[in-house]
Amino acid sequence: MISLKNIYKSYGKGEAVRNVLTDFSLDIAPGDFISIRGRSGCGKSTLLYILGCLESYDSGEYLYKGEDVSKMSEKQLARMRGKEIGFVFQSFFLIPSLTCYENIEIPMMYADIPPKQRKDKIITLLSEIGMSEYANQKAATLSGGQQQRVAIARALSCDPGIILADEPTGNLDEASGEDVISLFERINNDFGTAILLVTHDPAVASRAKLHRTL
Amino acid sequence: MTKAKLLRHYIKMNRGLYRALFVQTMVVFALLFVIANTNLTVEMQLSQAKNTENADVYDIMYEFSDESSCTLAYDSITAAIGDEGAELIMKSTVFINIRLSIPEQTSLMEKIQTAVDSSGVGYSIYTKNTVKQIEKSGSGALNFNSILKLLLLITMTSTAIGLVGVLLISLYRREYDLSIQYVCGASKGGLISATLAEYFLVTLAGAAAGTVLGAILSPFVRVFAGAGADVGVIPLSFAPKAGALVYGLFVYLFIILATAAVTLIRLRAVDMLDRVRYGDNI
Ligand SMILES: Nc1ncnc2c1ncn2[C@@H]1O[C@H](COP(=O)(O)OP(=O)(O)OP(=O)(O)O)[C@@H](O)[C@H]1O
Ligand SMILES: [Mg+2]
């Protein structure tokens, strides 16, 4: 589904140049559950942002379902971010002034999914993450674990092929972290959604099926 | 959640800022409308006189105490000069006055002067030159109008500066939300146009409210201005409504273009990923 070949990425220019990814390759098949580990600053987040069409790369090849991502227009890239890829961040990244329901709906709105279809899907997702009674609560007023679950529901709302999770349990206590990680397992098993999980926690990483160190 | 709903949500969220935006546009438009509708400047009349078909017109203005003496005077003048080119240009609704456009002929002027002297209604004639002199000496009405104009200038300048400030604050506040929407599948172009639509709506509402307010206020201001002027000296003109509209449109365009430019420059420059990765720290 995803093929990264010989990706190079650096920040800065001249003497201050910092090579973050050098000759990095990775293949992701549908249904894969991959953990990514590596010391701090080695480029794990950068890798996720490249995969998520948020960051450019200097050279190499990124194919998504056989299509060259570097040749996509701004519109196509937006569609990739909205429909094909689901993002989960360490700091949740919900729109604080919107309700849980509305936050989950945002990607569906940009993907032009008809409202009736959206409603059914959001209700299912909310019960899936065990947050049905929080539908109309503002995201800002939720606990960290709850926010992360809503963020996962949002990432799932357009049935993406892959979820990119950047230290999703990093800001959570153990119990909430467990909720989140078992939610990932369920998503991976039930929907066959591929998951790429960046984490510092060996216990969390061990839940993935494949492991990769950067 | 639809795009329209999202737009409403953000207008509601930014209501403090947008209220300022709304009020500022409203004040500018109310002032504009009032000025255009109570135009007491002699320049305006002069330029109108110059713009009449015959380039060599004398613009002659009369002030009367009531409508019947106005009619009487007009009749006696037209009787005196016959078909020699006198033309009634305007008849005021606020103050009874007539403006005649007459080809520049000494003989005609003499005839008119005779008619004026003999009719006994007690009015005075102002030619273009007299009007110019009045303009130079500066009267109550002229000053009043200059004050209005000065006020408009100050309001417009402060509005322009205020708008940029309001927009930048609202944009900075919004960048976090926008970057989330970007990650969720919005394109940068889409986000820019959605943001512009908001400003457009708010300023449009302000402009509409200001125009209505101006229309309501105009008659009062006109009477007030008239009371302050020396009615016997200053020829009063009429409401050039088309002019007000054009002027208003021009200002509105200016506001919209200025806001659009600021938004575009700012949003184009924002790196959405930076907002995701580093928040407000970069
Ligand atoms: N905008 C930038 N400009 C310059 N250098 C950058 C920029 N963004 C990231 N870097 C550098 O790129 C490297 C990789 O950063 P990245 O965030 O991908 O690391 P990471 O593996 O996710 O680390 P962590 O585990 O601490 O989250 C770091 O050395 C960082 O300093
Ligand atoms: Mg990181």
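Note that this is a predicted model, so its numbers are computed, not measured.

Considering the pattern of salt bridges
Residue and element names in this part refer to chain A.
Here is step 1 of the chain: Summed over all chains, the structure comprises eleven salt bridges over all chains.
Here is step 2 of the chain: For K65, the salt bridge is made with E84, and the minimal N-O distance between the two is 3.4 Å. Of this pair, K65 sits in the loop between β4 (59–64) and β5 (67–68) while E84 sits in helix α2 (residues 74–84); the two residues are 19 residues apart in sequence, bridging distant segments of the chain.
Here is step 3 of the chain: For K65, a relative accessible area of 54% corresponds to the exposed category.
Here is step 4 of the chain: Judged by its relative accessible area of 25%, E84 is partly exposed.
Here is step 5 of the chain: Measuring nitrogen to oxygen at the nearest pair gives 2.9 Å for the salt bridge that ties R207 to E185. Residue R207 is located in the loop between α7 (202–205) and β9 (210–213), and its partner E185 is located in helix α6 (residues 174–191); the two are separated by 22 residues in the primary sequence.
Here is step 6 of the chain: Taking relative accessible area as the criterion, E185 reaches 23% and is therefore assigned partly exposed.

Concerning the confidence of the model for chain B
Residue and element names in this part refer to chain B.
Here is step 1 of the chain: Mean pLDDT over chain B works out to 68, with 53% of the residues at or above the 70 mark.
Here is step 2 of the chain: Here helix α3 (residues 42–51) stands out as the least confident element of chain B, with mean pLDDT 42; helix α1 (residues 3–13) is the most confident, with 86.
Here is step 3 of the chain: Low pLDDT, under 50, characterises residues 40–59; the predicted model gives this stretch 54 contacts beyond four residues in sequence or across chains.
Here is step 4 of the chain: Every residue in residues 90–97 is under pLDDT 50, and counting partners more than four places away or in other chains gives 31 contacts.
Here is step 5 of the chain: Here the predicted complex carries an ipTM of 0.92, next to a pTM of 0.75.

As for the site of ligand 1
Here is step 1 of the chain: Taken together, 14 residues lie near ligand 1, and A:S40, A:K44, A:S45, A:T46 and B:Y278 sit nearest.
Here is step 2 of the chain: Residue A:G43 places a main-chain N or O atom 3.0 Å away from an oxygen atom belonging to ligand 1.
Here is step 3 of the chain: Between A:K44 and ligand 1, the recorded distance is 2.6 Å, taken from a side-chain N or O atom to an oxygen atom.
Here is step 4 of the chain: Relative to its free-state accessible area of 640 Å², ligand 1 is covered by the protein chains to the extent of 70%.

Focus: the side chain of A:S10
All names here are of chain A.
Here is step 1 of the chain: By the secondary structure assignment, S10 is in strand β1 (residues 2–11).
Here is step 2 of the chain: The class for S10 is buried, based on a relative accessible area of 19%.
Here is step 3 of the chain: In contact with S10, not counting residues within four places along its chain, are V17, R18, N19, V20 and D58.

Side note on the nonpolar core
Here is a general trend for soluble globular proteins: nonpolar side chains tend to be buried in one another's company.
Here is step 1 of the chain: The biggest cluster of nonpolar side chains holds 63 residues, and the ones touching the most others in it are A:I28, A:L51, A:Y62 and A:L196.
Here is step 2 of the chain: It is helix α7 (residues 140–183) of chain B that provides the largest number of residues to this core, a total of eight residues.
Here is step 3 of the chain: In contact with A:L196, not counting residues within four places along its chain, are A:L26, A:I28, A:I34, A:I36, A:L48, A:L51, A:I162, A:I163, A:L164 and A:A165.
Here is step 4 of the chain: In terms of nonpolar packing, the next biggest core, distinct from the first, is built from 37 residues, A:Y101, A:I104, A:V180 and A:I187 among them.

Examining the interface of chain A and chain B
Here is step 1 of the chain: Each partner contributes to the interface: chain A provides 26 residues, whereas chain B provides 26 residues.
Here is step 2 of the chain: Between chain A and chain B, roughly 2400 Å² of surface is buried when both sides are summed, and carbon and sulfur atoms account for 65% of that area.
Here is step 3 of the chain: Across the contact surface, chain A and chain B share zero salt bridges.
Here is step 4 of the chain: Counting every contact that joins chain A to chain B gives five residue pairs in polar contact (both at pLDDT 80 or more).
Here is step 5 of the chain: Of all elements in the fold, only α1 (44–51), α2 and α3 (100–110) of chain A reach the threshold of two or more residues within the side of chain A that touches chain B.
Here is step 6 of the chain: Looking at the side of chain A that touches chain B residue by residue, the class counts come to 15 nonpolar, four polar and seven charged.

Some remarks on the pairing of strand β8 (residues 194–198) of chain A
Residues and elements named next belong to chain A.
Here is step 1 of the chain: Taking burial as the measure, the five residues of β8 include five buried ones, the bulk of the element.
Here is step 2 of the chain: The alternating pattern of β8 places A194, L196 and V198 on one face and I195 and L197 on the opposite face, and all of these are buried.
Here is step 3 of the chain: Bridge count between strand β3 (residues 33–37) and β8: four bridges; the pairing is parallel. Residue pairing for β8: F33 is matched across the bridge by I195.

Considering the packing of aromatic side chains
Here is step 1 of the chain: Going through the model one piece at a time under the given rule, you end up with six aromatic pairs over all chains.
Here is step 2 of the chain: Here the aromatic rings of A:F87 and A:F89 are separated by 5.0 Å at their centres, their planes lie at 10 degrees, and the arrangement is stacked. A:F89 matches A:F87 in its accessibility class, with the two residues each being buried.
Here is step 3 of the chain: On the numbers, 6.1 Å between centres and 75 degrees between planes, the contact of B:Y18 with B:Y199 is edge-to-face. Linking B:Y18 in helix α2 (residues 15–37) with B:Y199 in helix α8 (residues 188–228), this pair joins segments that are 181 residues apart in sequence.
Here is step 4 of the chain: What makes B:Y199 buried here is its relative accessible area of 1%.
Here is step 5 of the chain: In this structure an aromatic cluster arises from ring pairing among A:Y49, A:F87, A:F89, A:F93 and B:Y176.
Here is step 6 of the chain: The ring of A:Y11 has A:K9 lying over it, and the distance from NZ or CZ to the ring centre is 4.9 Å.
Here is step 7 of the chain: Against the face of B:Y182 rests A:R81, its NZ or CZ located 3.7 Å from the ring centre.

Cut-offs used in this document
Residues numbered from 1 in each chain as written. Chains lettered and ligands numbered in written order. Predicted model: local features only at pLDDT ≥ 70, side-chain atom pairs only at ≥ 80, totals over all residues. Heavy atoms only, no water. Salt bridge = Lys/Arg side-chain N within 4 Å of Asp/Glu carboxyl O. Helix = DSSP H or I, 4+ residues; strand = E, 2+ residues; numbered from the N terminus. Buried < 20%, exposed > 50% of the residue type's maximum accessible area, 1.4 Å probe, protein only. pLDDT = per-residue confidence, 0-100. Contact = heavy atoms within 4.5 Å. Near = heavy atom within 4 Å. Polar contact = N/O pair within 3.5 Å; in protein donor to acceptor, adjacent residues only side chain to side chain. Areas by Shrake-Rupley, 256 points an atom, 1.4 Å probe, with all protein chains shown as cover. Core = buried A, V, L, I, M, F, W, Y, C linked by side-chain atoms within 4.5 Å. Buried area = accessible area lost by both parts, 1.4 Å probe. Nonpolar A, V, L, I, M, F, W, Y, C, P; charged D, E, K, R; others polar. Pairing = 2+ DSSP bridges. Phe/Tyr/Trp six-rings, centres within 6.5 Å; stacked < 30°, edge-to-face > 60°. Lys NZ or Arg CZ within 6 Å of the ring centre and 35° of its normal.

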